[in-house]
Amino acid sequence: WLKMLRSTRVPRSNACAAPWSDLPAGYVPGDGAVWIVVGGRGSAGITVRRGQSLRSPEISVRLANGALVEQVSLDGDRLRYRRLSGEGPDFGWVSLSCKGARLLRRHEPSALPQEAATAPQPEPAPPWPQRPGTTPFLADRKPPRPGHWQGELPEESAGWTPLEASLFVQSGGWYHPGEMAGRRRAPADGRVSVVTPTSEARQCFHEQLWTCFVAQDWPDKELIVIESYANFQSHRLASEARRQGSCVTHVSYRGDLSIGLKRNMGVHLASGRYVVQFDDDDLYAPGYVSKMVGHMQTSRLDALTLSAWYNCELCSGTFGFVDPESFRPLDVPRQAEAGAPGSADEADQERAAREARRRQVELITYGYGFSYAYLRDTAYKHPFPDVSMSEDYEFMRTLRAEVGEERVGLLQDHDGICLHVLHRRNSADSESDREVPSAEAEGLEVCRLDIVDPRLQLLLVGVLPAQARDILSALREVVSEAAVRQKLSEFQSGGHDAAQTAAFLHDLVHLRVCRKVSVPTDGMWPGLLFSRLEHCCKGDEGLRAALREQQQLLTLGAPMAPPPWE
């Protein structure tokens, strides 16, 4: 189990402190010592910083207690790590101790407590379940994980394919291939199956997922969602499955399933020739499926992924563009005994730098599953690994080895047919290579969607007239409160300048309005909301008059605060 974690190349986490391209050239994943987080039990984890210095920027997401990390480098009490398991940033710098308290300790999985070492050990389980009277049928004889089926397979398994048997085993017998096959539609060559793995914690994204699916202009399509949950399954997706019939399949499982296993279940249920993966939190323009599948058809590909794409960082409200090929060459540290310029030693170092860069660009290019499209039959023969970290890259690596590099294509997205959204619930992160101005972002193809998230809507579309009325109504309610009126009156008599007035309005009025209309109150969001509101009201005399009336009620003679960058 530990070897599997340490050999993982592409992580999936809540945040990312640094891209793979910033790691030392000599670092080899899997070779470093493993540490476990023992601190931060009562504070949601320990602090992670982007650099070695204690004054470097702090990452908003903490590294959770119990997380396993691999050592990239160690300088005194400061550890640079790569996350293996648990919640937290993929990469970063942490302290081993703080004020005498230990935050991390070396993880030695083979070290057993004394009582455990002397206790009788249970007999090992068979490597894989067996058909009655046969030898283990799966070539990959790994020890069964907790939750896997460990008994004999049912008699009907004699007719199962290797993938179907794996689905049964890896789900602990819950996913019965024969029963689930009844939920699969009759196959159709011209159909596209959109497959999405999700969970109860991500149900806030399901409305946008449904909007993106419905908007696709591909005529024959179906949506397959595999959801794991602890308390409640997604009401939104369950209701659409009942309403839409066979073109929507919603499979919900009470318990934990890996992302790779969910993807394989989606492939098994898919009835289309092509499978296109949607992440529930990203935006896909109406022509996304058509462009991806069309490119596969014209280029005769088995699989395709975007090799350059647009990002949106919700925490900061900024846009960026990711192009792994534009990453700078790695700076390979030179040893003290390195040869003179032009020597064999220098040539070896340059070759090592080029190879390290090539490997890391490859990891980033092929390691993001939000834009995968592939033939269903190909994925059926070469399924995803049963893990929740790096299952995307390992899948693509296998395809490139089995069907050939020329059958796995890359497509750069310069039109914005997909927007990768970064937030605190991400399972993967990516760092942009260049910032994208608002004017460019507002011209992306995804802006043609009905955008559900109010933050994305503010950034990409602005305030619509119907929303402007709701904001003005909320503003009227806030300004009419007796406590607010009293504070306004007291402030008015103080003789403040424009900056002080704008700050006062922000704290007293704007933040309250944001809460009423479900817009974040931190950072630039309040200023952005009111600047977009003023822009919307300029084209509507009725809205402009209502806004002017509310500004007069403030009686402070200061306009609403513009966003910080204006």
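Just so it is clear, the structure is predicted and the values come from calculations on it, not from any experiment.

Participant: I'd like to hear about the confidence of the model for the chain, residue by residue, with values.
Facilitator: In this model, the chain carries a mean pLDDT of 78, and residues with pLDDT of at least 70 account for 75%. This model gives residues 1–21 a pLDDT under 50, and the stretch forms 94 contacts once residues within four places in sequence are excluded. The low-confidence segment residues 556–566, where pLDDT is below 50, has 26 contacts with residues more than four positions distant or belonging to other chains.

Participant: How would you summarise the sheet that holds strand 7 (residues 104–106) if you had to cite specific residues and measurements?
Facilitator: With antiparallel pairing, five strands are arranged side by side in an open sheet as 4-3-2-1-7. Because the sheet does not close on itself, it has two edges, and the strands there are strand 4 (91–95) and strand 7. For this sheet, the mean angle separating the axes of adjacent strands, direction not counted, is 45°. Here strand 3 (residues 78–85) pairs with strand 4 via five bridges, running antiparallel. Across the sheet, residue Leu79 finds its bridge partner in strand 4, namely Val94.

Participant: Please provide a residue-by-residue account of the packing of aromatic side chains, values included.
Facilitator: A full pass over the atoms with the stated rule returns 16 aromatic pairs. Geometrically, the ring pair formed by Trp149 and Phe168 is tilted, given 5.0 Å between the ring centres and 55° between the ring planes. Here Phe168 lies in helix 3 (residues 162–170) and Trp149 lies in the loop between helix 2 (114–118) and helix 3, a separation of 19 residues in the sequence. With a centroid separation of 4.0 Å and an interplanar angle of 0°, the aromatic rings of Phe278 and Tyr284 are classed as stacked. Since its relative accessible area comes to 0%, Phe278 is described here as buried. Put simply, the rings of Tyr372, Tyr374, Phe384 and Phe395 touch in pairs and so form one group of aromatic residues. Lys221 extends its terminal NZ or CZ atom over the ring of Phe213, reaching a point 5.6 Å from the ring centre.

Participant: So, the pattern of salt bridges: which residues are in play, and what are the values?
Facilitator: Taken as a whole and assessed by the stated rule, the structure comprises 19 salt bridges. For Glu405, the salt bridge is made with Arg400, and the minimal N-O distance between the two is 3.1 Å. You can call Glu405 partly exposed: its relative accessible area is 44%. Where salt bridges share partners, they join Glu207, Arg236, Glu240 and Arg243 into one cluster.

Participant: Give a detailed account of the side chain of Thr365, specifying residues and quantitative values.
Facilitator: Tracing the backbone shows Thr365 in helix 9 (residues 344–366). For Thr365, a relative accessible area of 5% gives the class buried. Within the structure, the side chain of Thr365 is placed 2.7 Å from the backbone oxygen of Val361, a separation counted as a polar contact. Sequence-distant contacts of Thr365, that is, excluding residues within four places in its chain, are made with Thr305, Leu306, Ser307, Pro324 and Leu410.

Participant: Residue-level account of the packing of helix 5 (residues 206–215) against helix 6 (residues 235–244), with values.
Facilitator: The contact between helix 5 and helix 6 brings their axes to 9 Å, and the two run at 35°. Where helix 5 approaches helix 6, its residues His206, Glu207 and Trp210 are matched on the opposing element by Arg236, Leu237, Glu240 and Gln244. Grouping the constituent residues of the contact of helix 5 with helix 6 by class yields two nonpolar, two polar and three charged.

Participant: Hey, could you go over the nonpolar core for me, with residue numbers and the actual values?
Facilitator: By size, the foremost hydrophobic cluster in this structure holds 54 residues, and its most contacted members are Phe278, Leu283, Tyr288, Val289, Leu419 and Leu460. Excluding residues within four positions of it along the chain, Tyr288 makes contact with Gln216, Val276, Phe278, Leu306, Phe370, Ser371, Ile417 and Cys418. Ranked by size, the runner-up nonpolar core spans 29 residues in total, among them Tyr175, Val251, Leu269 and Phe384.

Participant: Provide a residue-level description of the environment of Ala285, including the pertinent values.
Facilitator: Within the secondary structure, Ala285 sits in the loop between strand 12 (283–284) and helix 8 (288–299). What makes Ala285 buried here is its relative accessible area of 1%. For the pair Ala285 and Phe213, spaced 72 residues apart in the sequence, the C-alpha separation amounts to 9.3 Å. With residues up to four places along the chain from it excluded, the contact list for Ala285 reads Gln216, Gly416, Ile417, Glu445, Val446 and Leu449.

Participant: Give me helix 5: which residues, what numbers.
Facilitator: An α-helical turn contains 3.6 residues, so any two residues separated by three or four positions project in the same direction. Of all the ten residues making up helix 5, seven are buried; the element is thus mostly covered by neighbouring parts of the structure. Listed in full, the buried residues belonging to helix 5 are His206, Gln208, Leu209, Trp210, Thr211, Cys212 and Phe213. On its buried face, helix 5 sits against strand 8 (188–199), strand 9 (221–229), helix 6, strand 10 (248–254) and strand 12.

Participant: Let's hear about the side chain of Arg191: which residues, and what values?
Facilitator: Structurally, Arg191 can be placed in strand 8. Classification of Arg191 by relative accessible area gives buried; the value is 8%. Within the local environment of Arg191, its side chain forms a polar contact with the backbone oxygen of Ala186, the two atoms lying 2.9 Å apart. In terms of polar contacts, Arg191 uses its side chain to reach the side chain of Ser271, at 2.8 Å.

What counts as what
Residues numbered from 1 in each chain as written. Predicted model: local features only at pLDDT ≥ 70, side-chain atom pairs only at ≥ 80, totals over all residues. Heavy atoms only, no water. pLDDT = per-residue confidence, 0-100. Contact = heavy atoms within 4.5 Å. Pairing = 2+ DSSP bridges. Helix = DSSP H or I, 4+ residues; strand = E, 2+ residues; numbered from the N terminus. Axes fitted to C-alpha atoms, helices over the stretch in contact; angles between N-to-C directions. Phe/Tyr/Trp six-rings, centres within 6.5 Å; stacked < 30°, edge-to-face > 60°. Buried < 20%, exposed > 50% of the residue type's maximum accessible area, 1.4 Å probe, protein only. Lys NZ or Arg CZ within 6 Å of the ring centre and 35° of its normal. Salt bridge = Lys/Arg side-chain N within 4 Å of Asp/Glu carboxyl O. Polar contact = N/O pair within 3.5 Å; in protein donor to acceptor, adjacent residues only side chain to side chain. Nonpolar A, V, L, I, M, F, W, Y, C, P; charged D, E, K, R; others polar. Core = buried A, V, L, I, M, F, W, Y, C linked by side-chain atoms within 4.5 Å.

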